[in-house]
Amino acid sequence: IAAPVITIDGPSGTGKGTIASLLAEHLGWHLLDSGALYRTLALAARRHGVDLDDGAGLGRLAARISVRLEGERVRLDGEEVSALIRTAEAGVDASRVAVHPEVRQALLGWQREAALAPGLVADGRDMGARVFPDARLKLYLDASPEERARRRYKQLKDKEMDANLPNLVQELRARDERDRERAESPLQVPPGAVIVDSTELSIEQVFARVLQFVDADL
Ligand code: C5P
């Protein structure tokens, strides 16, 4: 029997990850941060000297490595890489590997295996449209690009990482474009999804709104 799934899709910087994590905790369900898988594969590619434009090579690499998500922690072949995959560069690399059909196919299995009892909250770009088309509830978080860049800036500064706001706006626009324009599983509002625009909302307000939909549904 398949476990129930709630999907949260949307562009980066909308608070998806935070909301997914709060919701998983609230429900006592598993959490899948699918972006972490793309980020980790990109890191592995850099280390193994596989070109980020080589879809077939990346697909083969994905079959050879072990990527484990343990809560917020990520392991690549046993080594914890959580901090390494959270940089802005890792996000750009992730969006480059994510355009290849061979990569998306390889990661499909990893993602579906995460749908375990009592349930799964999955966040990403194609969770509702492709990976979990039968999800119980599909949410789509959106926000203006300027607001999203500002949030990312604050996030990086809080972690004492290097950040430059104009660069972030530019990178975010490039990443959005790549995610929306790609042929394979582009970022889109999945059919039947509930849209929440978080531009003017705090995380607490977004979570309260999300809980209304969840309570109405479960
Ligand atoms: O969500 P996060 O910023 O970690 O995702 C990094 C990149 O991975 C995204 O910009 C996107 O290109 C890719 N991604 C994807 N499909 C997903 C999750 C992430 O293509 N389900």
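Reading guide: rules and limits
Residues numbered from 1 in each chain as written. Predicted model: local features only at pLDDT ≥ 70, side-chain atom pairs only at ≥ 80, totals over all residues. Heavy atoms only, no water. UniProt positions renumbered as here; feature names shortened; annotations may be inferred. Buried < 20%, exposed > 50% of the residue type's maximum accessible area, 1.4 Å probe, protein only. Helix = DSSP H or I, 4+ residues; strand = E, 2+ residues; numbered from the N terminus. Pairing = 2+ DSSP bridges. Core = buried A, V, L, I, M, F, W, Y, C linked by side-chain atoms within 4.5 Å. Contact = heavy atoms within 4.5 Å. Axes fitted to C-alpha atoms, helices over the stretch in contact; angles between N-to-C directions. Expected span 1.5 Å × (residues − 1). Arc of directions from axis to C-beta.

- Identification of the protein chain as Cytidylate kinase from Halochromatium salexigens is taken from an unreviewed UniProt entry.
- Note on the protein chain: under the UniProt heading Subcellular location (unreviewed entry), the record states "Cytoplasm".
- Here is the UniProt Sequence similarities (unreviewed entry) comment for the protein chain, exactly as written: "Belongs to the cytidylate kinase family. Type 1 subfamily."

### As for the pairing of strand β6 (residues 120–124)
Right, so step 1: The element β6 is extensively covered by neighbouring structure, given that five of its five residues are classed as buried.
Right, so step 2: Alternating residues of β6 divide into L120, A122 and G124 and V121 and D123, and every residue in both groups is buried.
Right, so step 3: Looking at chain direction, strand β1 (residues 5–9) and β6 are connected through five bridges and run parallel. Paired with I8 across the bridge in β6 is D123.
Right, so step 4: With four bridges joining them, strand β2 (residues 30–33) and β6 adopt parallel strand pairing. The residue of β6 that forms the bridge with H30 is L120.

### Overview of the nonpolar core
Right, so step 1: In terms of nonpolar packing, the biggest core is built from 34 residues, with L32 and F132 touching the most fellow members.
Right, so step 2: When residues of this core are traced back to their parent elements, those giving at least two are α2 (34–48), α3 (55–64), β4 (73–76), α4 (88–97), α5 (101–112), β6 and α6 (127–131).
Right, so step 3: Ranked by residues supplied to this core, first place goes to α2 with eight residues.
Right, so step 4: Once residues lying within four places of it in the same chain are set aside, the contact partners of L32 are L37, L69, Q111, A114, L120, V121, A122, D123, M127 and F132.
Right, so step 5: One finds L139, L201, V206 and F207 within the second-largest nonpolar core, a separate group that totals 18 residues.

### Some remarks on the UniProt feature "binding site: ATP" (unreviewed entry) in the protein chain
Right, so step 1: Taking the UniProt record as the reference, the feature "binding site: ATP" (unreviewed entry) is found at G10, P11, S12, G13, T14, G15, K16, G17 and T18.
Right, so step 2: Inspection of the secondary structure puts T14 in the loop between β1 and α1 (16–27).
Right, so step 3: Non-local contacts of T14, meaning those with residues more than four positions away in its chain, are made with L141, D142, A143, R148, R151 and S198.
Right, so step 4: Summarising the element assignment, G15 is placed in the loop between β1 and α1.

### Digging into unusual backbone geometry
Right, so step 1: Between A117 and P118 the backbone carries a cis peptide bond, its omega angle lying at 5 degrees.
Right, so step 2: Note that P118 resides in the loop between α5 and β6.

### Things to note about the sheet that holds β6
Right, so step 1: If you trace the five strands from one edge of the open sheet to the other, you get β2-β6-β1-β7-β8, paired in parallel fashion. With partners counted over all chains shown, the strands left at the sheet margins are β2 and β8 (194–197), one partner each. Recorded for the sheet is a direction-independent mean angle of 20 degrees between the axes of neighbouring strands.

### Digging into the environment of L139
Right, so step 1: By the element assignment, L139 lies in strand β7 (residues 137–142).
Right, so step 2: What makes L139 buried here is its relative accessible area of 0%.
Right, so step 3: Between the alpha carbons of L139 and D179 there is a distance of 18 Å; along the sequence they are 40 residues apart.
Right, so step 4: Here L139 is in contact with I6, T7, I8, D9, V194, V210 and F213, once residues within four sequence places are set aside.

### Points about α5
Right, so step 1: Here α5 contains 12 residues, and its C-alpha end-to-end distance of 17 Å stays within 8% of the 16 Å for a straight helix at 1.5 Å per residue.
Right, so step 2: Among the residues of α5, those classed as buried are V103, R104, L107, L108 and Q111. Here the buried residues of α5 occupy an arc of 145 degrees about the axis, which is enough to place them on one side.
Right, so step 3: Where α5 is buried, its residues contact β2, α2, α3, α4 and α6.

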